[in-house]
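# Results of the structural survey
Given next are the chains, with one letter for each unit.
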Amino acid sequence: MRIAIATDEVGWHTRQLQAALRARGALGRCLDLADVRIDTGHAWHGLALPGFGRELPDAVLVRGIAGGSFEQVTRRLGVLHALRELGVPVYNDARAIERSVDKSMTSLLLHAAGVPCPPTWAVESPAQAQQIVVREAAAGHALVLKPLFGSQGKGLQRVGLVDGAFRALPPLSRGYGGVAYLQRFVPPVAQPGFDWRVLVIGGHAVTAMRRVSTHWIHNVAQGARVARAELTPELARLAQDAARALQIDYAGIDLMPGPTGPLVIEVNGVAAWHGLQRVTPFNIAGALVDDLLGRRCAALVPARRA
């Protein structure tokens, strides 16, 4: 089998996936979606994928999608949509990525599914956003302002009642795309503070870690240290419920300890696992490949034969 690893960056993660695919008799070829052409004269399917000639890959494993203009990102996601419509298993497919990369849609779907999350708002009006900040501050709360499409803890700011003083909302045109995505800040229950990252593969929570930091942002990219965490039934259930709400093949689910139990903060549809691998006894890339080949690709064989 020839598997396309959709990525804009070749490195540790792609090497791990290629090794796991080789171990199972498959070939993993890295493919930047920016290099894929829609060319209706090239082949019957209308796509030109570098490294695959006129053929389609047997499956696509999405590791990364390069940022760009709205038009560029839309076209790259359109390629993933097209591959799915052409019968190629895409893991995670474009629909799941769109649900998870848009934090407001993630929050909406989690709330609709009854998954416990902090109160969340997403508005375009600066006046409405400032009213929310003032109201929450009057009730004694801080809010976390996040870029709608952000990752790795970049661009996060606390507003509202922060350390006993009022902090106003910054201009939304500077790094936030004119959208205020606000989530009520969850104060740490211990010092240093921590959150959990739970990895869900094929609907099952398989491993977890704590991300510990003296800073209120707990991303490894922002300096948090990782420690192995017990995957309790409660953490596993919440993470699985979150993945199910977004109909996603694999995901990194971020949770924080709240006053009445864990709260789901985010769902990462193109999750990195370098830090998690350091505290996980099994090979995560192997588990991802096993699920792709054993569940998604195997389910397609009878349909292809038919």
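Residues numbered from 1 in each chain as written. Predicted model: local features only at pLDDT ≥ 70, side-chain atom pairs only at ≥ 80, totals over all residues. Heavy atoms only, no water.

### Topic: the overall build of the protein
Secondary structure summary: the protein contains eight helices and 16 strands in total. In terms of C-alpha radius of gyration, the protein reaches 20 Å, essentially the compact-globule figure of 19 Å for 306 residues. By its C-alpha atoms, the protein is 65 × 40 × 35 Å across when sized along the principal axes. Here the protein, with 306 residues, has 51% of them falling under the buried criterion. Of the roughly 14200 Å² of accessible surface on the protein, 53% is carried by carbon and sulfur atoms. (Helix = DSSP H or I, 4+ residues; strand = E, 2+ residues; numbered from the N terminus. Rg over C-alpha atoms; globule rule 2.2 N^0.38 Å. Buried < 20%, exposed > 50% of the residue type's maximum accessible area, 1.4 Å probe, protein only. Areas by Shrake-Rupley, 256 points an atom, 1.4 Å probe, with all protein chains shown as cover.)

### Some words on the pattern of salt bridges
Scanning all chains against the criterion turns up 15 salt bridges. In this structure, D39 and R37 form a salt bridge, with 3.2 Å as the shortest nitrogen-oxygen distance. On the accessibility criterion, D39 (26% relative accessible area) is partly exposed. By relative accessible area, R37 is classed as partly exposed at 44%. A single salt-bridge network, built from bridges that share partners, covers D195, R197, R211 and D254. (Salt bridge = Lys/Arg side-chain N within 4 Å of Asp/Glu carboxyl O.)

### A look at the environment of F149
By secondary structure assignment, the location of F149 is in the loop between β8 (142-146) and β9 (157-162). We classify F149 as exposed; its relative accessible area is 57%. The sequence separation of F149 and A137 amounts to 12 residues, and the corresponding C-alpha distance is 25 Å. What F149 contacts, discounting residues up to four positions off in sequence, is V101, D102 and K103. (Contact = heavy atoms within 4.5 Å.)

### What to know about the packing of helix α4 (residues 103-112) against helix α6 (residues 233-246)
Between α4 and α6, whose axes approach to 9 Å, the crossing angle comes to 115°. Classified by the angle between their axes, α4 and α6 sit roughly perpendicular to one another. Seen from above, α4 lies across α6 with right-handed handedness. Side by side, α4 and α6 meet where T106, L109 and L110 of the first sit next to A242, A245 and L246 of the second. Looking at the contact of α4 with α6 residue by residue, the classes come out as five nonpolar, one polar and no charged. (Axes fitted to C-alpha atoms, helices over the stretch in contact; angles between N-to-C directions. Parallel < 35°, antiparallel > 145°, perpendicular 65-115°, else oblique. Left-handed = near helix turned anticlockwise from the far one by under 90°. Nonpolar A, V, L, I, M, F, W, Y, C, P; charged D, E, K, R; others polar.)

### Section: the pairing of strand β13 (residues 204-213)
Counting buried residues in β13 gives seven out of 10 residues, a clear majority hidden from the surface. In the sheet, strand β12 (residues 193-201) pairs with β13 via nine bridges, with the strands oriented antiparallel. Each bridged residue has a counterpart across the sheet, and for R197 the counterpart in β13 is M209. Linking two consecutive strands that pair antiparallel, namely β12 and β13, is a turn of two residues; a positive phi of about 60° is found at G202 within it. In this structure, β13 lies alongside strand β14 (residues 225-228), joined through four bridges in antiparallel fashion. Of the residues in β14, the one forming a bridge with V212 is R225. (Pairing = 2+ DSSP bridges.)

### Some details on the packing of aromatic side chains
Summed over all chains, the structure comprises four aromatic pairs. With a centroid separation of 5.2 Å and 80° between ring planes, the pair formed by F194 and W196 is classed as edge-to-face. A cation over an aromatic ring shows up here: R29 above the ring of F52, its NZ or CZ 5.9 Å from the ring centre. When the ring centre of F194 is taken as reference, the NZ or CZ atom of R210 above it lies at 3.9 Å. (Phe/Tyr/Trp six-rings, centres within 6.5 Å; stacked < 30°, edge-to-face > 60°. Lys NZ or Arg CZ within 6 Å of the ring centre and 35° of its normal.)

### Considering the pairing of β12
With nine of nine residues buried, β12 lies mostly within the body of the structure. In β12, alternate side chains face the same way, and those of G193, D195, R197, L199 and I201 on one face and F194, W196, V198 and V200 on the other are all buried. For β12 and strand β15 (residues 250-258), the ladder comprises six bridges, and the chain directions are antiparallel. Along β15, the bridge assignment pairs I201 with Y250.

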